[in-house]
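Results of the structural survey
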Amino acid sequence: MIRIMAFGVVIGLMAGVARAGDTIPEPDAILHGQVCLTGGPAADTDDVSVIARTMVSGQMVDVGTYKMGDQPSASDCLGSADCYVLRMRVETVPQGADPSGSAVVLSPSTPATVELFVREGTAPEAPAGTILVDDRGMIRQRSLFGTAETSDINGDGQKNLEDHALLEQALGGPATPTTQPCDPKDINRDGYIDLKDFARLQDELS
Ligand SMILES: [Ca+2]
Ligand SMILES: [Ca+2]
């Protein structure tokens, strides 16, 4: 009897070793901020969703969705109740193992690229940029624009030297994170006001 039990323990340990090649769960990655629509940030009562997708085994898969108002307790980001909180499951996948297909896959040397989309009501999804998930337990703030990129910073319908002056004043260094939500000076919608935005505006003005 004791021999049979010992045999069972050995088999159990071997099964445990075999499982060591499987995916390893990591802390979720969290992205939060405001969703910028025409006319200003989306409110928590709006029919607006944020969707995150990433490439797993050659296919784009959903790794997180947040519908505005889903998590009202997480209401203090950017000093506003109208915040999205996108939680993405993360796994580390050892070499040779298959990812599960519904999580951001983290590898030691290559950050995972996550594509973001904003869906407003029944309108088609609007691309809202990309983020890199590059560390465990990542928490990052970023406004997402559900509207098309535009260099018309002051919203007067024209792209001209007035927009140029506004951007020039805001440039504080190589990469200044946007401090106010839905800042139209972040022309390429990447969360920073920097020389990339400046180059875009200059291209369009020249
Ligand atoms: Ca303008
Ligand atoms: Ca930018």
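Residues numbered from 1 in each chain as written. Chains lettered and ligands numbered in written order. Predicted model: local features only at pLDDT ≥ 70, side-chain atom pairs only at ≥ 80, totals over all residues. Heavy atoms only, no water.

Thoughts on the coordination of the calcium ion (ligand 2)
Operational definition: Sodium, potassium and calcium take a 3.2 Å donor cutoff, other metals 2.8 Å, and in both cases only N, O and S atoms count; water is not among them, so sites may look incomplete. Each residue gets one of three labels from its accessible area relative to the maximum for its type: buried under 20%, exposed over 50%, partly exposed in between, using a 1.4 Å probe on protein chains only.
Protein coordination at the calcium ion (ligand 2): the donors are Asp186 (OD), Asn188 (OD1), Asp190 (OD), Tyr192 (O), Asp197 (OD) and Asp197 (OD), at 2.2 to 2.5 Å from the metal. Each donor residue of the calcium ion (ligand 2) lies on the same chain, and together they follow the pattern D-x1-N-x1-D-x1-Y-x4-D. By relative accessible area, Asp197 is classed as buried at 0%.

Topic: the packing of helix α2 (residues 161-170) against helix α3 (residues 195-205)
Here is the rule we go by: As a rule, the C-alpha atoms of each element are fitted with a line to give its axis, helices using only the stretch in contact, and angles between N-to-C directions run from 0 to 180 degrees. Comment: elements are numbered from the N terminus, with helices defined as DSSP H or I runs of at least four residues and strands as E runs of at least two. Under this scheme an angle from 65 to 115 degrees is roughly perpendicular, one under 35 degrees roughly parallel, and one over 145 degrees roughly antiparallel; angles in between are oblique. Should the near helix be turned counterclockwise from the far one by less than a right angle, the crossing is left-handed, whereas a clockwise turn marks it as right-handed. Here, two residues are considered to be in contact whenever any of their heavy atoms come within 4.5 Å of each other.
The geometry of α2 relative to α3 is characterised by a closest axis approach of 11 Å and an angle of 165° between their N-to-C directions. Between α2 and α3, the interaxial angle falls into the category roughly antiparallel. As α2 packs across α3, the resulting crossing turns out to be left-handed. Judged by residue contacts, Asp163, His164, Leu167 and Glu168 of α2 engage Asp197, Phe198, Leu201, Gln202 and Leu205 from α3.

Considering the sheet that holds strand β8 (residues 112-120)
Heads up, the rule is: Pairing between two strands is assigned when DSSP locates at least 2 bridges connecting them.
One open sheet accounts for four strands, arranged β5-β4-β8-β9; its pairing is antiparallel. Each edge of the open sheet is held by one strand with a lone partner, namely β5 (59-67) and β9 (126-133). In this sheet, neighbouring strand axes are inclined to one another by 25° on average, regardless of whether the strands run parallel or antiparallel. One ladder, built from eight bridges, connects strand β4 (residues 48-56) with β5; its direction is antiparallel. Looking across to β5, one finds that Met55 is bridged to Met60.

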